[in-house]
Amino acid sequence: MATVNTLIYLIIYPGLLFIFLYSTFVEWYDRKLYARLQNRMGPTHTGPSGLLQPIADFFKLMAKEDITPERADKTMFAALPPFGLAIVSTAMLLLPVWNYSLEQSSLTSFNGDIIVLLYLLSLPTFIFFLAGWSSTNLFSTIGGARVLTMLFGYEVPLFLAVLSPAVLADSWRLAEIAAFYRQQPALALVNLLGFIIALICVQAKLERTPFDIPHAETEIVGGTFTEYSGKKLAVFRLMLDVEMVVAAGLIATVFLGGFPGGPILGLINFIIKTLLVVFFLSLIRATTSRIRVDQVVSFAWKYLAPLAVLQLLIVIIVKGLIS
Amino acid sequence: MNFQIPIGPQHPALKEPIGLRITVEGEIIRDADIRLGYNHRGIEKLAEQKTWIQNVYLTERICGICSHSHTTCYVQGVEKLMELETPKRGLYIRMLISELERIHSHLLWLGVAGHEAGFDSFFMYVWRDREIVMDILETISGNRVHYAINTIGGVRRDLDELQVKRILDSLEVLRRRSQYYLNLGTTEPSFVARLARVGYLSREDALSLCAVGPTLRASGVPMDVRKDDPYAAYDEVPFEVCTAGTCDVLGRTVVRIKELFQSYNIIEYLMKNLPTGPIAVRAPRRAKPNEVVSRYEAPRGENLHYIKSNGSDKPERLKVRAPTLGNYAATIKMLKNGFIADVPLIFAAIDPCICCAERAVALIDARTGQEKIMSLKSLKELSLKVSPTTTRKREIEWPL
Amino acid sequence: MNDQFLIDKARENLKEKIVEITNPARRRIFLEVGLDDLLASVSWLKNDLGFTHLSTISGVDLGETFEVIYHFANNYCCLNIRVKIPRDNPLLPSICELIPGAILYEREIKEMFGLTVQNIPDGRPLLLPDDWPAGNYPLRKDWKYERPPEVIPGGEK
C-alpha cells in the first residue's frame, strides 16, 4: 500500500500530472483575473472560457524552432530549463498535501522541510541568473545581474516572514506548523504582517509586476529570456507557473493552516487556498507599475526587512505570553 | 567598465525604428547618441513634384497620429499663398478635428507611458477610453486615422445636429475619466516613483536646446503656438496654456492631462458657437510666387511648414519641421546620467513620432543592413575585447 | 513687442548689415543679412531680443545660390533670418555656440544640400545611410533619383 501511495504521490497527486495541469490552470486563472481587472476579456478561444489556453501555448512553444546563440555556453543553456523545472517540481513534493503522518517523519515530510523548501525556492533565481549569463546577450546579462540584485532585496524579508510562524508553532516541519494553526486559528492572526510581507516577497521572487524588472520588455527586451525560444522557453514558462503554485502553497501552509482532510478534501482545500493567494498576487500585479531595481532594494531594506523583524519580535512576545 | 547597449532600430520600447546607442556604466547611462534615417520616405523631394492639392494628401501621410496637424499646417500656408478667405464654419470644423486629434494623441501617449512604466492596467483603461474619441472622429470624417478632412480653402465634410449632440455627450464621459486618470497618474505610489525626478530638463536647457510642446511647457515655459501666434480661430476661443514646474516626466504627464481638459473646453465652446454658412471656398490651381511660414501647435509641439511657390501649380519648396525633431537634442540631454530603466520612459515622454521627424530626403530604400552590421561588429569587437580567450563576457560591472 | 517695434529695433541695431527686411504678414518678419553678418545678427537676436527658440533651418536651392532661412520664434513673433550662399563656395558658419539646439538642423542641411558647416560640433551623418555615395545631395534641384540595383544581404550574387 505504501508503495502504491508513494507512486501516486510522485506521479499523480501532487506529482507530475497534477503539477502540470494545476499550474496551467493557475496561469489561466491569473491571466483571466488580470484581464478582467483591466477591463479585457482575457483568454476565450481554447476550451471553455479559454481554460486550455496555457496548455495550447505550451504545446505551441514546444513545436516552435529552438535557437541556441552561437556564443552561448551551449550545455548550460540547454540544461538550465529542465533543471529548473525539476527543482520546483521537487519543491512541490515537500508540501504536506497528503500521505504524511504527523507522528512519523517520512521522505517528503520531515523536521526541517520548511528550510529545504525555501532553499529549493531560492534556486530558480540562480537558474534565471545563469540563464541570462550563459546567453551572453547584452540584454540577458543585464537581466541576470538584475535578478541577483533583486535577490539581495527580497530574500531576507521572505525568510524572516516565513520562519516567524514556525517559531510560534515551535516546529521546523510544514505539516506540524499547519496542524498547530488549525488547532489554534486565533494565533494565525498574529502572523498577518508576515503574510503581507511574504506575499510581496513572493511577487518579487516570481518576477511579476511591480518586480518584473529582470525581464522588463520595454527596457531590456526579454531580459534573461531574450535568447530563449521553443522548447526551452516553454519549459521555463511552465517552471514559472509551477513556482507560483509552490510559493502559493507554501504561504497557504504556513499562514492559512495547510490542507487537511486527506486526498479528496485536502485537494479542495489546496485549490481554494492557493487560488486565494494567487488572487492577491494578481491584484498586486494589476494595480502597480514596474519600479526600478534600485527602488526594489531600498524598498526591501527600508520597509520589508524592518517589518519582518518586527513580525519576529511580535511572535517572540506572543510566544512568551502563551507559554 | 562601460559598455554600449543598442536600443533600436528594433526594440520593444520603440514603436517605430530609430537608433539609440546608449553607453552605460552598470545601470547608469553615461552617453547617448541618436541615429535617424530608418524611416525615410523622401516626402520633401516628392512634394516638389506634386500639385498643391495632391500635396494635401501627401502631407497627411507624414504621420499617422498627427495627420491632421500636417495637413492643417500645410493648407493654412497654401491658403495664405493663394490669398483665400476660409469660411468661419470651415475653420471651426478644422479646429474641432485638431482638438479631437490632440485628445486622442494625448490619451494614446498616457497609455504608452503606462505601458513603458510596466503599468499595463493604466494602459488598457486609457486606450479603452481613447476609442470614444476615435469613434467621434470616424463619425465626422469616415476615417479613424487619416481623416482627409482638410482641403485648400476649407474642409470637406460638414457637421449635423446629431453629431454635435453626440460630441457634447461624449465630452462628459471623457471629462470624468480624465479626472480619474489625473488622480491615478499623480497618486499611485509605484507609478509616481517611476515618473518623478526622471528625465530632468531645466528651464534654461529646454530653452537653449529648442525643445517644443509639452516637453517645453513641463519645464515651466508657457509657449504655445495657439496662444502666441493664433491660427484658424484660436484668438476667439478662451483657453489656457498649461505648464508645470517640475521639469520631469511627471510634469510632462500632468501637462498633457491638463491640456486634455483645455481641449474639452475648446470643443465645447466650438460646438456651442458653431457658425452657419459654407464650409469651403474654391481654390485656384496656381499660386503666385511667394513664401510663407506656417506654424501649428500639434499635440507634440510646434509644427512648422515653410512653403515657397514659384507661380506654377507645384510648390518650389516644402520644408516640414515636425515637433519630434525639435525635441531630440533635449532627449539626449535628459538621458544622460539616468538609469537604463528610465530610457523608455524618458524617450516616450517627448511622445516621439519618428515618422514625423523623418520625412526629408529622396526615395531612399530604408534598408538598415549597413547600420546593423556596424552595430553587430562593434558588439563583437566589444565581446572579444572583454574576453579574448573564452566566448563569454564576465567582467561586467555590478550594478550595486 | 509688435512687428513694427522689431523692425525699428533691427534697423537701429543692425544698420547696414540688413540687405532687406520685409513684413509680409502679421507676426512674420523676413530679415535678409549678408553671410558674414549671420553670427552677429543671431547673437543680437538672442541676447538683445530674447529669441532663444530656433524652430528650424530651411534651405532652398535657387540655382546659382542657396538660400538658408533660420526660423526663430518667441511668444510674439516669428522672425526669419535669410542668408544667401554661392553654389560654388557653399560655406556656412555654425550657430551652435549661440543656439545649441541648432545641431540637428545643421546636420540635416549639411547632408541635404551639401553645404559645409564650419565649426559644427558633430558632423556625422544623421539621416542618410552610411553607404550613401559621396557628392549626392538629395534636395538640390539638379539631383535625380536613380534606384540602385537591389542586393539581398546574404542572397545570391
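All residue numbers refer to positions counted from 1 along the written sequence of the respective chain. Labels are handed out in written order, letters beginning with A for the chains and numbers beginning with 1 for the ligands. pLDDT decides what is reported in this predicted model: residues at 70 or higher carry local features, side-chain atom pairs at 80 or more are listed and counted, and totals for whole chains, interfaces and linings draw on all residues regardless.

Student: How do you make sense of the overall build of chain C when you look at a structure like this?
Tutor: Only DSSP runs of H or I with at least four residues qualify as helices, and only runs of E with at least two residues qualify as strands; both kinds are numbered from the N terminus onward. Helix and strand counts for chain C come out as three helices and seven strands. The principal-axis extents of the C-alpha atoms in chain C amount to approximately 65 × 30 × 30 Å. Here chain C holds 157 residues, and 38% of them are scored as buried. Restricting the contact set of chain C to residue pairs at least 6 apart, pairs at least 24 apart contribute 48%. Think of it as a crowd count around each C-beta: if 20 or more other C-beta atoms lie within 10 Å the residue is buried, if 12 or fewer it is exposed, and in between it is partly exposed, with C-beta placed from the backbone throughout. Once C-beta atoms have been placed from the backbone, residue pairs whose C-beta atoms lie within 7 Å are recorded as contacts.

Student: Quick question: what am I supposed to make of the overall build of chain B here?
Tutor: The helix and strand tally for chain B stands at 15 helices and eight strands. Each of the 400 residues in chain B was classed as buried or not, and the buried ones make up 55%. Once local pairs closer than 6 in sequence are excluded, the contacts in chain B between residues at least 24 apart make up 71%.

Student: Is there a simple way to explain the interface of chain B and chain A in this structure?
Tutor: The interface of chain B with chain A comprises 32 residues on the first partner and 30 residues on the second. Breaking the side of chain B that touches chain A down by element, the ones donating at least two residues are helix 4 (88-116), helix 5 (120-141), helix 7 (189-195) and helix 13 (343-349) of chain B. Ranked by residue count, the leading element in the side of chain B that touches chain A is helix 5 of chain B, at five residues. Among the residues forming the side of chain B that touches chain A, the class breakdown is 18 nonpolar, seven polar and seven charged. Residues are grouped as follows: Ala, Val, Leu, Ile, Met, Phe, Trp, Tyr, Cys and Pro are nonpolar; Asp, Glu, Lys and Arg are charged; all remaining types, including Gly, are polar.

Student: Any chance you could explain helix 2 (residues 52-60) of chain B here in plain terms?
Tutor: Side chains that are three or four residues apart share a direction in an α-helix, a result of its 3.6 residues per turn. Residues and elements named next belong to chain B. Taken together, the buried positions of helix 2 are W52, N55, V56, T59 and E60. Considered in projection along helix 2, the buried side chains sweep an arc of 140° and stay on one side of the axis. Residues of helix 2 that are buried make contact with helix 1 (43-47), helix 3 (67-82), strand 4 (150-151) and strand 8 (315-321). Taken from the helix axis, the directions to the C-beta atoms give the arc we talk about.

Student: Would you mind going over the nonpolar core with me for this structure?
Tutor: Soluble, globular proteins show a tendency: their nonpolar side chains are buried together. For this analysis, nonpolar core means a set of buried Ala, Val, Leu, Ile, Met, Phe, Trp, Tyr and Cys residues linked through C-beta atoms within 7 Å. Grouped together as the largest cluster of nonpolar side chains are 245 residues, with contacts concentrated most on A198, C201, V246 and I251 of chain A. Take this core: its biggest share by element is 18 residues, from helix 11 (residues 230-256) of chain A.

Student: Even after reading the chapter, I still don't get the pairing of strand 2 (residues 28-33) of chain C, so can you show me in this structure?
Tutor: A regular strand places its side chains so that they alternate between the two faces of the sheet. Residues and elements named next belong to chain C. Pairing between strand 1 (residues 18-25) and strand 2: five bridges, direction antiparallel. Residue pairing in the sheet places I18 in a bridge with V33 of strand 2. Hairpin connection between strand 1 and strand 2: a loop of two residues separates the two successive antiparallel strands, and R27 in this loop has a positive phi of roughly 65°. Here, any two strands with at least 2 DSSP bridges between them count as paired. Both strand 2 and strand 5 (residues 78-86) contribute to a ladder of five bridges, which runs parallel. Bridge pairing in strand 5 places L31 opposite I81.

Student: How do you make sense of the confidence of the model for chain B when you look at a structure like this?
Tutor: Segments scoring low in pLDDT should not have their predicted coordinates read at a detailed level. As a per-residue measure, pLDDT tells how confident the predictor is, with possible values from 0 to 100. Overall, the predicted model of chain B reaches an average pLDDT of 82, with 89% of residues at or above 70. Overall, residues 386-400 of chain B carries pLDDT values under 50, and its contacts beyond four positions in sequence, including any with other chains, amount to 27 contacts.

Student: Explain the pairing of strand 7 (residues 301-309) of chain B here, please?
Tutor: Residues and elements named next belong to chain B. Here strand 7 lies mainly inside the structure; nine of its nine residues are buried. One ladder, built from nine bridges, connects strand 6 (residues 290-298) with strand 7; its direction is antiparallel. Bridge pairing in strand 7 places E297 opposite E302. Taken together, strand 6 and the strand that follows it, strand 7, pair antiparallel across an intervening segment of two residues. Linking two consecutive strands that pair antiparallel, namely strand 7 and strand 8, is a turn of five residues; a positive phi of about 95° is found at G311 within it.

Student: Mind showing me how you'd approach the sheet that holds strand 2 (residues 19-25) of chain B here?
Tutor: Hydrogen bonds between backbone groups are what pair the strands of a sheet, and the pairing can be parallel or antiparallel. Residue and element names in this part refer to chain B. With respect to topology, three strands assemble into an open sheet ordered 1-2-3, the strand pairing being antiparallel. Every interior strand has two partners, whereas the edge strands, strand 1 (2-7) and strand 3 (28-35), have only one. Neighbour-to-neighbour, the strand axes of the sheet open up by a mean angle of 20°, direction not taken into account. Pairing of strand 1 with strand 2, which is carried by six bridges, proceeds in the antiparallel orientation. Across the sheet, residue I5 finds its bridge partner in strand 2, namely I22. In this description, a line fitted to the C-alpha atoms serves as the axis of each element, helices being fitted only across the stretch in contact, and the angle between N-to-C directions of two axes falls anywhere from 0 to 180 degrees.

Student: I would appreciate a short explanation of the environment of D351 of chain B in the present structure.
Tutor: Residue and element names in this part refer to chain B. Mapped onto the elements, D351 comes out in the loop between helix 13 and helix 14 (354-357). Between the alpha carbons of D351 and R252 there is a distance of 9.9 Å; along the sequence they are 99 residues apart. With sequence-adjacent residues up to four places away left out, D351 is seen in contact with W109 and R300.

Student: Would you mind going over the sheet that holds strand 3 (residues 53-61) of chain C with me for this structure?
Tutor: Residue and element names in this part refer to chain C. Spatially, five strands are ordered 1-2-5-4-3 in an open sheet, and the strand pairing comes out mixed. Each edge of the open sheet carries a strand with a single partner, namely strand 1 and strand 3. With strand direction ignored, the average angle separating the axes of adjacent strands in the sheet is 20°. Seen against the sheet, helix 2 (residues 38-47) touches strand 2, strand 4 (65-73) and strand 5 and runs at an angle of roughly 170° to strand 5.

Student: How do you make sense of the interface of chain C and chain B when you look at a structure like this?
Tutor: Size of an interface, as often reported, equals the accessible area lost when the parts are brought together. Contacts between the two partners involve 33 residues from chain C, matched on the other side by 35 residues from chain B. Put simply, the parts of the chain that give the side of chain C that touches chain B at least two residues each are strand 3, strand 4, strand 5 and helix 3 (103-113) of chain C. Here the side of chain C that touches chain B takes six residues from strand 3 of chain C, the largest share from any one element. Taken together, the residues that form the side of chain C that touches chain B break down as 19 nonpolar, nine polar and five charged.

Student: What is the right way to read unusual backbone geometry from this model?
Tutor: Most peptide bonds take the trans form, and the phi angle of most residues other than glycine is negative. All names here are of chain A. Cis rather than trans, the peptide bond between T209 and P210 has omega equal to 5°. Note that P210 resides in the loop between helix 9 (192-205) and helix 10 (217-220). Of note, the phi angle at N39 is positive, near 70°, even though the residue is not glycine. Secondary-structure assignment places N39 in the loop between helix 2 (16-37) and helix 3 (53-63). The class for N39 is exposed, based on 12 C-beta atoms found within 10 Å.

Student: Got a minute to help me understand the environment of A131 of chain A in this structure?
Tutor: With respect to the helices, strands and loops of the structure, A131 of chain A is situated in helix 5 (residues 113-135). Along the backbone, A131 of chain A and Y228 of chain A are 97 residues apart, and their C-alpha atoms lie at a distance of 8.8 Å.

Student: I would appreciate a short explanation of the packing of helix 4 (residues 74-93) of chain A against helix 11 of chain A in the present structure.
Tutor: The geometry of a pair of packed helices is captured by two quantities: the angle between their axes and the separation between those axes. All names here are of chain A. Running from amino to carboxyl end, helix 4 crosses helix 11 at an angle of 20°, the nearest separation of the two axes being 9 Å. The angle between helix 4 and helix 11 falls in the class roughly parallel. The element helix 4 and its partner helix 11 pack so that their crossing is left-handed. Residues A78, P81, P82, G84, L85, V88, S89, A91 and M92 of helix 4 form the contact with helix 11, whose own contacting residues are K232, V235, F236, L238, M239, V242, E243, V245 and V246. Partitioned by chemical class, the residues of the contact of helix 4 with helix 11 number 14 nonpolar, two polar and two charged. Orientation categories follow fixed angle ranges, with anything under 35 degrees roughly parallel, anything over 145 roughly antiparallel, 65 to 115 roughly perpendicular, and all other angles oblique. When the near helix sits turned anticlockwise from the far one by under a right angle, the crossing is termed left-handed; a clockwise turn instead gives a right-handed crossing.

Student: Could you clarify how one ought to interpret the arrangement of the chains in this entry?
Tutor: Contacts are most numerous, across the two pairs of chains in contact, for chains B and C. One finds no contact linking chain A with chain C; the least C-alpha distance across the pair is 18 Å.

Student: It is not clear to me how the confidence of the model for chain C should be interpreted in this structure. Could you clarify?
Tutor: Looking at chain C as a whole, its pLDDT mean stands at 84, while 99% of the residues score no less than 70. Scoring of the predicted complex yields 0.85 for pTM and 0.88 for ipTM.

Student: How should the packing of helix 9 of chain A against helix 12 (residues 262-287) of chain A be read in this particular structure?
Tutor: All names here are of chain A. Interaxial distance between helix 9 and helix 12 falls to 10 Å at its minimum, and their mutual angle equals 70°. When the axis of helix 9 is compared with that of helix 12, the two are roughly perpendicular. Handedness of the crossing formed by helix 9 with helix 12: right-handed. For the pair formed by helix 9 and helix 12, the contact residues are L199, V202 and Q203 on the first element and F280, L281 and I284 on the second. Class assignment for the residues of the contact of helix 9 with helix 12 results in five nonpolar, one polar and no charged.

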